Amino acid sequence: MVWIPRTENERADYLSRIIDSDDWAISEFVFQIVESLWGPHEAFAGELQNLPVSLLSKVNLLPELLSESRAASTTKGYYQSFLRWKKWAILNGIENCDILPAKAFHVAIYLASLTQSSNTVSPVVQAFYSLKWIHSLIGSLCSPTDSSLVINVLEGAKRSLATPTNKKEPISVELLHKMYDAMFSFGNLYNQRIICACFTAFAVF
């Protein structure tokens, strides 16, 4: 007896053409997340061996639900950010065992290097929250994002990369006089309308 796919079975009986409703699979993206977080998918072999038989069928529910813990776009963003952390860690000689769970001191240096190479704080914030999310997925009791060192580095990055606020001067009577002198013309109704609107707004507010 030789097995062939049902789509290639030209002389199949009715039963062989029934689609198996239990023939499920998780998406490739979800599998990549699980694989990158926990390494080879035998990572929980010890837990599975000690799991009651009645619960084994429920294990398959975890990966998809974990990926749904955030919006799809957020999950993908966090995952890509985690891969950048992983690449940086490997390039800088950090051992695999310290990539996940990560050490607070390593993460602090990583955020500092991102701050140095970024024009905005967005990459630093995303790196922080992606690591926070990743560690929550693996049930880590000690996330580097809980460290006061890492939190203070993040706050420092926010201040360092913040766009300075340029406050505009409040409207004064002197400024209105200058506007009037520059814009008023007897034949220009458009400018007269703007001047009236500005004067009215100034008087009301």
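Residues numbered from 1 in each chain as written. Predicted model: local features only at pLDDT ≥ 70, side-chain atom pairs only at ≥ 80, totals over all residues. Heavy atoms only, no water.

Colleague: Please clarify how the pattern of salt bridges should be interpreted in this entry.
Modeller: Note that side chains of opposite charge can pair when their charged atoms are close. For the structure shown, the criterion picks out four salt bridges. Ionic pairing is found between K158 and E155, a salt bridge with its closest N-O pair at 3.5 Å. Taken together, the positions of K158 and E155, both in helix α8 (residues 148-161) and three residues apart, correspond to about one turn of that helix. Here K158 falls in the partly exposed class, since its relative accessible area comes to 31%. Where E174 meets K178, a salt bridge forms, and the shortest distance between an N and an O atom there is 3.8 Å. Of this pair, E174 and K178 are both found in helix α9 (residues 173-183), four residues apart, which corresponds to roughly one turn of the helix. Neither residue differs from the other here; E174 and K178 are each classed as exposed. (Salt bridge = Lys/Arg side-chain N within 4 Å of Asp/Glu carboxyl O. Helix = DSSP H or I, 4+ residues; strand = E, 2+ residues; numbered from the N terminus. Buried < 20%, exposed > 50% of the residue type's maximum accessible area, 1.4 Å probe, protein only.)

Colleague: Would you explain the nonpolar core in this entry?
Modeller: Considering soluble globular proteins, one finds that nonpolar side chains tend to be buried as a cluster. Within the largest apolar cluster, 25 residues are counted, with the highest numbers of intra-cluster contacts made by W85, V107, Y110, L111 and V124. Looking at this core, the element that brings in the most residues is helix α7 (residues 122-137), giving seven residues. Once you skip the residues sitting within four places of it in the chain, V107 turns out to touch W85, A102, L131, P144 and V150. (Core = buried A, V, L, I, M, F, W, Y, C linked by side-chain atoms within 4.5 Å. Contact = heavy atoms within 4.5 Å.)

Colleague: I'm lost on helix α6 (residues 104-117) in this one. Help?
Modeller: Side chains of residues three or four places apart in an α-helix project in the same direction, reflecting 3.6 residues per turn. Its 14 residues place the ends of α6 20 Å apart at the C-alpha level, agreeing with the 20 Å of an ideal helix rising 1.5 Å per residue. Of the residues making up α6, those classed as buried are V107, A108, Y110, L111, L114 and T115. Down the axis of α6, the buried set is contained in an arc of 160 degrees. They therefore lie on one face. Relative to its buried face, α6 has exposed residues pointing more than 90 degrees away, namely F105, Q116 and S117. (Expected span 1.5 Å × (residues − 1). Arc of directions from axis to C-beta.)

Colleague: Help me understand the packing of helix α5 (residues 72-91) against α6, please; the structure alone is not making it clear to me.
Modeller: To characterise two packed helices, one gives the angle between the axes of the helices and the distance between these axes. Taken N-terminus to C-terminus, the directions of α5 and α6 make an angle of 105 degrees; their axes are 11 Å apart at the nearest point. When the interaxial angle is binned, α5 and α6 end up roughly perpendicular. In this structure, α5 contributes S81, R84, W85 and W88 to the contact, and α6 contributes H106, V107, I109, Y110 and S113. The residue makeup of the contact of α5 with α6, split by class, is five nonpolar, three polar and one charged. (Axes fitted to C-alpha atoms, helices over the stretch in contact; angles between N-to-C directions. Parallel < 35°, antiparallel > 145°, perpendicular 65-115°, else oblique. Nonpolar A, V, L, I, M, F, W, Y, C, P; charged D, E, K, R; others polar.)

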